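Reading the structure
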Amino acid sequence: MDDDLRKAIRGIALQNASEHEGKTRNETVISKILGARPDLRSKTKEIIPIISEVVTEINRLSVAEQKSELESNFPELLVTKPKQERVGLPPLEGAENGKVVTRFPPEPNGYPHIGHAKAAIIDEEYAKMYNGKLILRFDDTNPENERLEYYAAIKVGLDWLGVKYDRVKNTSDDMELIHKKGIQMIESNHAYVCTCNQETISNNRREMKPCKCRSGNLDQNTKRWHDMFEKYNPGEAIVRFRGNMESDNTVMRDPALFRIIEGSHPLLMEKYRVWPNYDFAVAIEDSIDGVTHAFRTKEYELRNELYYAILDRLEMRKPKMFEFSRLEFEGMPVSKRVLKPLVEEGQVSGYDDPRLPTLEAMRRRGIVPEAIRKFVLSLGFTKSDTLAPFDTLESFNRKIIDGISIRLFMVTEPVKLVVKNSNVTSVELANHPQKDIGKRRVEVDGVFYVSGNDVKDLQVGDQLRLIELYNVKITKIGSDIETEYSGNDFKTELPKIQWITQKDSTKINILIPKTLFVNEKFNENSLETIQAFTEKHYLELNEGAEIQFIRFGYCRKDSAIQAIYTHK
Ligand SMILES: [Zn+2]
């Protein structure tokens, strides 16, 4: 109890000193500790002397020493609070309680990433806010890109995020209906079949000129439509919306509604070859699914005019469409064009490589879903593009995992340190300095590993403290360091180093993910691997457990021999 209390006081004093140019005051520390620990209010008399001692000790340290101790022993107090932003989303225009329907419509063409997480969380939060429903709809009308494994990966990602949907469907379920709506567009002269080549179409759109197909009669269009199902090759004919070739909005210059794609669809195989474009499919699906509020990223903003125009021509119910900004991290692109080659060429180990922005990778790295949700909600519903620093997500994550992360000793570049004359045979170590998440007993026999870096400047005669254990005095420095036991009093001036016993050590690799792209180029040094020794207790932890390696940072256990660095 006394040790814990002293430690808590020390943390508060260090934190306060770090905010006041290295000086702290008794009064400040007293009020802070009593604020945090109401149970101590009746014991003010007893704790004041301890506070006063600790404050004197801290004020004697240099700013650098304070900083280093704070970073090593109290990283949770270092966290700079994210700016107080509105938490949660603004009210939704036209929303009625119990009647809101939103949808999350991913294309199953890749592994879900942080951008999907943002969309899915916004869709779900709004449905919840109004006691409405969320539909998961696989937008699968491009067989060239879609694969069965991606449908599954998206569901796994949503489960992990804790996003619950009320209904799941595929756009491809509605192909018959979508084709029917296509015919309706043609028969009502709101669409026509164009057989010009791609270059002509592009040039015409740029020059705001119609092609001759545009003036074709109904017979021609109906015949061509049927030929699309049988005769034409891919690229030889497309259905185009009759928009306005002179519109300032280039999207409206007779965009494609259907095209021919040959290729096996993951669910329907070769059943269809005429597939709707995104704009046509999304408008029809949103309308028939009863979606009241649809959200998408703002790069689609210019497509809204087309979305509503299609529904107008078909005299179908129109949902309200809103845009939010895309979410990406600096140096961590989400684009499939970028990620796919990295995976295929083996520059990353797979879609769960901890350097990637995929949900699989985030999970493996030790980011928890709750942190992603809080982070997304903290961004709110801004329209400006969000190129967020990863640190912001880290600070949410740190707050959540700190209390559940077991503290373990870890040494790198181990040096053997032998202690003579100690009769301590075992020590009980707390798994967490404040939280009660158990203790572990470590047998000590006087043979330790310490980090090479911690002892490189020590000389014979120097004393140091093995953290949570005892003090030793160096008697000889060779390939090993020989020492003798020199008491157990806690002395602030002694260097404090972590240790593991030789017997109780296990060797692991720690993967340290770094920024994947620097100046838009793949960073060859984006994954560092270090070797370390930690306590055997590591082996007893479940895979996926969060650990804080003391003076190193938070890591997630990936396997018995590998951990992944989460963040500081
Ligand atoms: Zn044409």
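Rules used in this analysis
Here the residue numbering is sequential within each chain, running from 1 through the sequence in written order. A pLDDT threshold of at least 70 governs which residues receive local features in this predicted model, and a stricter bar of 80 or more applies before side-chain atom pairs are shown or counted, although totals over entire chains, interfaces and linings include all residues. Neither water nor hydrogens contribute to the side-chain values; these are computed over all heavy atoms in the structure. For helices the rule is a DSSP run of H or I covering at least 4 residues; for strands it is a run of E covering at least 2, with both sets numbered from the N terminus onward. It is over C-alpha atoms that the radius of gyration is taken, and the globule rule equals 2.2 Å times the number of residues to the power 0.38. Per-residue accessibility, obtained with a 1.4 Å probe over protein chains only, is compared with the maximum for each type, and a residue is labelled buried under 20%, exposed over 50%, and partly exposed between these values. Here the open area of atoms and residues is found with the Shrake-Rupley method and a 1.4 Å probe, where only the protein chains shown may cover a residue. Counted charges follow a simple rule, with Lys and Arg positive, Asp and Glu negative, and His plus the chain ends left uncounted. Where a charge lies is defined by one atom per residue type: Lys uses NZ, Arg uses CZ, Asp uses CG and Glu uses CD. Strand pairing requires that DSSP identify at least two bridges connecting the strands. Orientation is described by lines fitted to C-alpha atoms, with helices fitted over the stretch in contact, and by angles between N-to-C directions that extend from 0 to 180 degrees. In what follows, a contact means two residues having at least one pair of non-hydrogen atoms within 4.5 Å. A pair is scored as a salt bridge if a Lys or Arg side-chain nitrogen falls within 4 Å of a carboxyl oxygen belonging to Asp or Glu. Residue ranges for the domains originate in an automatic or database domain assignment. Accessible area that two parts lose when put together, with a 1.4 Å probe and added across both, is what the buried area reports. Nitrogen and oxygen atoms within 3.5 Å of one another constitute a polar contact, given that in protein one can donate a hydrogen and the other can accept it, and given that sequence-neighbouring residues count only through two side-chain atoms. We call Asp, Glu, Lys and Arg charged. Ala, Val, Leu, Ile, Met, Phe, Trp, Tyr, Cys and Pro are nonpolar, and the rest, Gly among them, are polar. Under the pairing criterion, centres of Phe, Tyr and Trp rings, with the six-membered ring standing for Trp, must be within 6.5 Å; the plane angle then separates stacked pairs below 30 degrees from edge-to-face pairs above 60, leaving the rest tilted. Two conditions define a charge sitting above a ring: the NZ of Lys or the CZ of Arg must be within 6 Å of the ring centre, and it must be within 35 degrees of the ring normal. Each metal site is built from N, O and S donor atoms within 2.8 Å (3.2 Å for Na, K and Ca), and since water is not included, such sites may look incomplete.

This paragraph deals with the overall build of the protein. Regarding its fold elements, the protein presents 18 helices and 29 strands. Rg of the C-alpha trace for the protein: 31 Å, well past the compact-globule value of 24 Å for 568 residues, more than 25% over. Its C-alpha atoms give the protein principal-axis dimensions of about 100 × 50 × 40 Å. Buried positions account for 54% of the 568 residues belonging to the protein. Total accessible area computed for the protein in this model is approximately 26,900 Å², and 48% of it derives from carbon and sulfur atoms. Treating the 84 positive side-chain charges of the protein as one cloud and the 88 negative ones as another, the clouds have centres 2 Å apart.

Turning our attention to the sheet that holds strand β1 (residues 101-104). One open sheet accounts for three strands, arranged β1-β2-β3; its pairing is parallel. Both outer strands of the open sheet, β1 and β3 (167-170), are each paired with one neighbouring strand and no more. Averaged over all pairs of adjacent strands, the angle between their axes in this sheet comes to 30°, without regard to strand direction. Against the sheet, helix α6 (residues 114-129) contacts β1 and β2 (133-138), and its axis sits at roughly 165° relative to β1.

All right, on to the pattern of salt bridges then. Inspection of the entire model under this criterion finds 41 salt bridges. R37 is the partner of D39 in a salt bridge, and the nearest nitrogen-oxygen pair spans 3.2 Å. Classification of D39 as partly exposed rests on a relative accessible area of 43%. A single network of salt bridges, built from pairs that share partners, joins R103, R137, R167, K169, D174, E285, D286 and D289.

Taken domain by domain, the protein consists of domain 1 (2-78), domain 2 (101-319), domain 3 (327-404) and domain 4 (407-567). Computed over C-alpha atoms, the centres of domain 3 and domain 4 are 29 Å apart. Contacts between domain 3 and domain 4 engage 22 residues on the former and 22 residues on the latter. For the domain 3 and domain 4 pair, buried surface summed over both sides reaches about 2,000 Å², with 59% attributable to carbon and sulfur atoms. Taken together, domain 3 and domain 4 are joined by two salt bridges. The partner of D402 in a salt bridge is R407, and the shortest N-O contact between them spans 2.6 Å. Along the contact surface separating domain 3 from domain 4 lie eleven residue pairs in polar contact (both at pLDDT 80 or more). Where the side of domain 3 that touches domain 4 is concerned, the elements lending two or more residues are α13 (336-344), α14 (359-365) and α16 (390-401). The element that contributes the greatest number of residues to the side of domain 3 that touches domain 4 is α16, accounting for four residues. For the side of domain 3 that touches domain 4, a count of residues per class yields nine nonpolar, five polar and eight charged.

Once that is clear, we can look at the packing of aromatic side chains. Here the structure, examined in full by the defined rule, presents 21 aromatic pairs. Both rings, one in F329 and one in F390, keep their centres 4.9 Å apart while their planes meet at 75°; by these two values the pair is edge-to-face. With a gap of 61 residues between them, F329 in strand β10 (residues 327-329) and F390 in helix α16 connect regions that are remote in the sequence. Classification of F329 by relative accessible area gives buried; the value is 1%. We classify F390 as buried; its relative accessible area is 11%. Ring-pair connections join several aromatic residues into one group, and the members of that group are W225, F229, F258 and F280. The ring of Y307 carries R296 above its face, with NZ or CZ at 5.4 Å from the centroid.

Our next topic: the coordination of the zinc ion. The coordination sphere of the zinc ion, as far as protein atoms go, consists of C194 (SG), C196 (SG), C211 (SG) and C213 (SG), spread over 2.3 to 2.4 Å. Sequence positions of the residues that donate to the zinc ion give the spacing C-x1-C-x14-C-x1-C. By relative accessible area, which is 1% here, C194 ends up buried. Given the relative accessible area of 11%, C196 is considered buried.

Turning our attention to the side chain of R296. Secondary-structure assignment places R296 in strand β8 (residues 293-297). Here R296 sits buried without a salt bridge, and the closest side chain of opposite charge, D279, lies 4.8 Å off (N-O distance). Here N304 takes part through its side chain, which lies 2.7 Å from a polar atom of the side chain of R296. Ignoring anything within four residues of it in the chain, the contact list for R296 reads Y278, V282, R303, N304, Y307, M321, F322, E323 and F324.

In this section: the sheet that holds strand β4 (residues 191-194). Taking strand neighbours across the sheet as the criterion, the four strands line up as β4-β5-β6-β7 in an open arrangement whose pairing is antiparallel. Taken across any chain shown, the strands that pair with only one partner, and hence form the sheet edges, are β4 and β7 (274-276). Each neighbouring strand pair of the sheet contributes to a mean axis angle of 25°, computed without reference to strand direction. Summarising the sheet, strand β6 (residues 256-260) and β7 pair through three bridges and their orientation is antiparallel. Paired with R259 across the strands is W275, a residue of β7. Along the sheet, helix α10 (residues 218-230) contacts β4, β5 (238-241), β6 and β7; its crossing angle with β4, the most-contacted strand, is approximately 60°.

Time to look at the pairing of strand β19 (residues 470-477). Relative to β19, strand β18 (residues 463-466) runs antiparallel, the two sharing four bridges. Looking across to β19, one finds that Q463 is bridged to K473. As consecutive antiparallel partners, β19 and strand β20 (residues 481-485) are separated by three residues.

Moving on, we come to unusual backbone geometry. Not every positive phi belongs to a glycine, and N421 is a case in point at roughly 70°. Relative to the assigned elements, N421 resides in the loop between β14 (414-420) and β15 (426-430). Judged by its relative accessible area of 62%, N421 is exposed. Located in the positive-phi region is N519, a residue other than glycine, with phi close to 50°. Mapped onto the secondary structure, N519 falls in the loop between β24 (517-518) and β25 (521-522). Under the relative-accessibility criterion, N519 is labelled exposed at 72%.

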